[in-house]
Structures are given as structure tokens and as C-alpha cells.
Amino acid sequence: MDLSKHKISVENIIRNPAPAKFYEDAIKFDPGSAVADSGALVVRSGKRTGRSPADKRVVKTSGVEKEVWWGNVNIALDEHTFSINHQRATDYLNTRERLYVIDGFAGWDPNYRLKVRIIAERPYHGLFMHNMLIRPTAEELENFGEPDFVVYNAGKFPANRFTEGMTSDASVDVNFEKGEMVILGTEYAGEMKKGIFTVMHYLMPKKDVLSMHCSANEGEKPEDVALFFGLSGTGKTTLSADKSRKLIGDDEHCWSEDGVFNIEGGCYAKTINLSEEKEPEIYNAIKFGTVLENVGYDANTRKVDYDDVSITQNTRASYPIDFISNSKIPCTAGHPKNIIFLTYDAFGVLPPVSKLSPEQAMYHFISGYTAKVAGTEMGVTEPEATFSACFGAAFLVWPPSKYAEMLAEKMRTHNAKAWLVNTGITGGAYGKGGERINLKNTRAIINAIHEGKLDDADTVQDEVFGFRIPTNCPEVPSEILQPRNSWSNADEYDAQAQKLGKLFRKNFDKYKAESSDEIINAGPKVSD
Ligand code: ATP
Ligand code: MN
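Basis of the calculations
Residue numbers restart at each chain and count upward from 1, following the sequence in its written direction. Chain letters and ligand numbers both follow the written order, the letters beginning at A and the numbers at 1. Only residues with pLDDT of 70 or above have their local features reported here, since the model is predicted, and side-chain atom pairs are shown and tallied only from 80 upward, although totals for entire chains, interfaces and linings are computed over all residues. The side-chain figures draw on all heavy atoms in the structure; neither hydrogens nor water molecules are used. Every helix listed is a DSSP run of H or I at least four residues long, and every strand listed is a run of E at least two residues long, numbered separately from the N terminus. With C-alpha atoms as the basis for the radius of gyration, the globule rule is written as 2.2 Å multiplied by the number of residues raised to the power 0.38. Working definition: with a 1.4 Å probe on protein chains only, accessible area under 20% of the residue-type maximum means buried, over 50% means exposed, and in between means partly exposed. We call two residues contacting when some pair of their heavy atoms lies within 4.5 Å. For the accessible areas, the method is Shrake-Rupley and the probe is 1.4 Å, while residue cover comes only from the protein chains on display. Neither His nor the chain termini are counted; the positive set is Lys and Arg, and the negative set is Asp and Glu. Charge coordinates come from a single atom per side chain, which is NZ of Lys, CZ of Arg, CG of Asp or CD of Glu. Strand pairing is defined by DSSP finding a minimum of two bridges between the two strands. For this document, the term salt bridge refers to a Lys or Arg side-chain nitrogen within 4 Å of an Asp or Glu carboxyl oxygen.

Per an unreviewed UniProt entry, the protein chain is named Phosphoenolpyruvate carboxykinase (ATP), and its organism is Gracilimonas sediminicola.

Given below as C-alpha cells:
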């Protein structure tokens, strides 16, 4: 295979091999790789076990200068520095004995799909992208032609800290105009999948297609489509894998005038504390062909210990979407009926489920709230709020208002309902009676939404947030539905709700200028 167009001169290029070949090469050439008793390939990502958003750069070329949302998310890089990093990556890759090329597609709708080429050194990265891209048929591979977008993964080799604009030994650089992405200094495989998502987030809105950080599934009736938005760890992957519904995808989708399509060919599930009992669909997808990143396992039995977080809390499994038994291939669906915003509220304030008006839906979409519990040295735990526009600011390319306006318009046109579901702490403050809501209860809430059982349920209005809280939900104890009642002390609840409301308002200040009064007023009401 001739890769001279990509400045690659290595002779031994292995293109789209079978997973078995990736296994053999991983075991032979990639220390730390192992085969688990389930048949999955255990791999190590090295020093970095998560994405490095501070090291991401977007090349400021004249063609995109006026379009991109420049700032902390899209940190500008000049074209010359991009060339330096590109050269550094290809120089390094050219010293390797063999390289893997994975050609595949992003986007299940043939009208919008992108031809992607990955050039990588590690078999682990090859198998990962074999799983995550849409796998071409033999014929499509034969006629693949030139790719629209090329990823150069030189993750084993560091960026040069003395190169202008580098802030660490890692650099992840996206060049929309050239259709190229360069990875230096990080071997975390998720950078590649989220890099391609970033490109789709740039290209799709140009074609009037909304790209979204959400999962999707479909019920028995084709018009019963649900989207689940949410930041990392809020339950997109977990809740979209549902035995009674067909999985469309677990992380990245587009919404065109024809409906919804998945961008990816695979899933990337968190495996921390994974159990067959609680998450059977995901558990059973871990078999030959699945990449298991940074998990611990027993050297003799080769059994994986999903509770082992000695390498990272962010242990992951990557598998082709058809490893989920009730996935829908091709991964496309009609227009969504329900839009569910998932949040992990560590404050314990937000109800397990609430109904949003269209304006509240926009307010929450733009806010993109979640929170985690941050430990301090003294063992005191304080919730820490994160606001990430469109539930995925890290991957946005255009200003958030562009995506928000498109979502509002599509929800209006297709009459989609919006819900806010707290998959985090409830029943009290964290450490003071509050605990993470049971997955069983969350699943029952989601089922009730799908089945339309909350559409006409009795509700009460939340005094601070203004949304409507159902007072009953099938299969869920009613006493947990209204947090003000489930906290042992209502005054403490009120104080906490004020605190969270103020954080929402403070965060929203930066979006006020471009938001309508209706949306601004759909936020929480707090005392000054
Ligand atoms: P990412 O964007 O990083 O892929 P995600 O939104 O897909 O994140 P999940 O992988 O679904 O997040 O992670 C949710 C985690 O929380 C899982 O490990 C799941 O087992 C756990 N969990 C515990 N309780 C709940 C609950 N009530 N609802 C959803 N998930 C829960
Ligand atoms: Mn996920």
C-alpha cells in the first residue's frame, strides 16, 4: 500500500486486518497486552488513561477562522506549528517496522458519511478503531479511494515542549482544512474517537445536520426513539443498553431531516464495577474482539477484576456495536420522541426525574450541568459543579448557540418531549444521607418515559428550578421522587437548592447576550 501522500514510507503496512491479526501482533510486539478468559484483548494505554483536553489544538486556517468557537475548548494553533507536529509524527512513524492502516466510515447515513483513515503503530489502536469506526465491506474497502480525514497516531512519541504553543509532552492537533489530525504524546485511544467526533461536529452543522453528544435507542415502534444526552459518567452507555429496546448508539449521533444516525460503529463502555447482573448487555459484549483498556486481571485465571481501579477509575471496553445483541444495524432511526438530559447531581438537589418545558430544555442544554464529589485532604467531601455547554463542550467546534438553536428547531418540528434525569445523588447531601440513585430505579424511570406513563402523571412544580416533578412513577417508590421530601431536613435542602441555583445562574451569565428572555427566565429562581 502506497502511503507517500501521507509522507509515510514504511514498507510493511497492514491494512484492515482481522481482529485475530491484531491480537497476534499485540501479544508479540506490544508489552502489557494479554488475553482475558472472556477472549477480550487487555491493553495498557500508558501514562495517560483519559483524554487530555488542555493539549487539544485546532489549526486556525483562514477558511475556519470565522467559524470556530475559539477559546479554552478550541485552542488555536498556527499552520506552521501544525506542520512541525505533523512532520514529527510522520518522522517517528517512519522509524517503525510495521504500521496499521484502518480505513472506515464515520456516520451510518451514506449521504453524510465521512471516509476516515487511521495510521497507527500500536495493534491496540488499530483494533480499537476497527471497533469504533463503521467497518467497510470488502467491496467498500476495495473502492475506498482517498480518505476525507486522516489520523496520524504517533502517541508513543512526545511532542517537543519547546515547540511554540506546547504546554506538555502531549499534543492532539486537528486541522479541518487539511482533513488531518496528529496525535503526539498520548496513547489513550479515546482521543482518536473524540477527534473524529470533533470533525463531525464541524462538518455536519454546515450541512444543516445537528451533531450531538448523546446515546440513542428505539422501542418496538419505529417512532419510539429516545436520545440520552449527558456528560461523562452520567449513564449514556449504561441506560441506552436496554434489553427491551434496540441500541442505535452509545455516544455520538447526528439528527438530519431524515432522522437520527449514529456516527460510530462501536461502543466504548466504562467497566468500573461492571457486573453481569446489573449490566448484562455490556458484560456479555466483552468477548473475543473487545478491547479492554487498563483493567486489572488475575495472572493465572485471566479473570478480569472490574473493581480493580489500581491503574485508573476510567477502565473501558471497546466493542463493535453488533456485540450488543439487540443493536440495530444499520444504526439509524427516525426522529426522536423523547430527549433525556442525564445529569449526575452530587448536590442531591435535582429530582430523579422532571419534565422540562421547551424553554427549560434549552436552558439545561446550554448549561450542560453535572457535578462530582471532590475529596479534600481532610476527608471532607464537597460537590463540584461542572457546566459544559450542550452536554459536551469539549467537542464543540461552533459556538454553543449554533447547536442549541438547531436542537430547539428540531424539537419543535418533531414535537419531542424533554426530561431531566438525575442519575447521581439523591435523598440528602452526599455523605449526609444522600446516595447514588439505584440503577434499577433509574431504569424504571426511563421505562416510564418511553412508555408515555409520565406524560399525564400528576406533577408539582419545583420552587427553585421551575420544572415539573412527577409525584408517581410505576415501579419507583414515590417517596424518592421529590428531593425536598426525601431529605431529612427540608431547610438544609432549601439552602442546597439555592446554592446550586446560584451556580446555574452564574454559569449562564456568559450565554445571556445571545439567549432570548424566555430561555433566560427558564432558569432557577434564587434569592439575592
Ligand atoms: P462517557 O461519556 O464517558 O462514555 P457515559 O455517559 O456513557 O460516559 P456510562 O458509561 O453509562 O456513562 O457510566 C455510568 C456509570 O454509572 C456506569 O458505571 C454505571 O454502572 C453507573 N451507575 C450507577 N448508578 C447508575 C444510575 N442510577 N444510572 C446510570 N448509571 C449508573
Ligand atoms: Mn459512554
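There's plenty left to go through after this.
Helix and strand content of the protein chain: 13 helices and 31 strands. Over its C-alpha atoms the protein chain spans a radius of gyration of 23 Å, differing by no more than 12% from the 24 Å that the globule rule assigns to 528 residues. Each principal axis of the C-alpha distribution contributes one length, and for the protein chain these read about 70 × 55 × 55 Å. Per-residue burial over the protein chain gives 59% buried out of 528 residues. Sequence-distant contacts in the protein chain: of pairs separated by 6 or more residues, those separated by 24 or more amount to 72%. Counting every atom, the protein chain has about 21600 Å² of accessible surface; 47% of that belongs to carbon and sulfur. Taken together, the 61 basic and 74 acidic charged side chains of the protein chain have centroids lying 2 Å from each other.

One open sheet holds the three strands; their spatial order is 27-29-28, and the pairing between them is mixed. With one partner strand each, in any of the chains shown, strand 27 (425-426) and strand 28 (429-430) form the two edges of the open sheet. Note: strand 28 against strand 29 (residues 433-436), two bridges, orientation parallel. Bridging from a neighbouring strand, A429 pairs with G433 of strand 29.

Now for the sheet that holds strand 20 (residues 316-320). The five strands are arranged 2-3-17-20-16 in an open sheet whose pairing can be described as mixed. The sheet is open, and its two edges are formed by strand 2 (34-35) and strand 16 (266-270), each paired on a single side. The pairing of strand 2 with strand 3 (residues 41-43) spans two bridges and is classified as antiparallel. Opposite V35, over in strand 3, you have L41 as the bridge partner.

Looking now at the pattern of salt bridges. The tally for this structure, following the rule as stated, stands at 30 salt bridges. Between R245 and D224 there is a salt bridge, with its nearest N and O atoms 2.9 Å apart. Here R245, found in the loop between helix 6 (236-240) and strand 13 (246-249), pairs with D224, found in the loop between strand 11 (210-218) and strand 12 (225-229); they are 21 residues apart in sequence, far enough to count as distant. The closest approach of N and O atoms between D455 and K417, which form a salt bridge, is 3.4 Å. Of this pair, D455 sits in the loop between helix 10 (439-450) and strand 30 (459-461) while K417 sits in strand 26 (residues 417-422), and the two are 38 residues apart along the sequence. The exposure class assigned to D455 is partly exposed, which follows from its relative accessible area of 24%. Because the salt bridges share partners, they merge into one network encompassing K193, K194, D251, E252 and E264.

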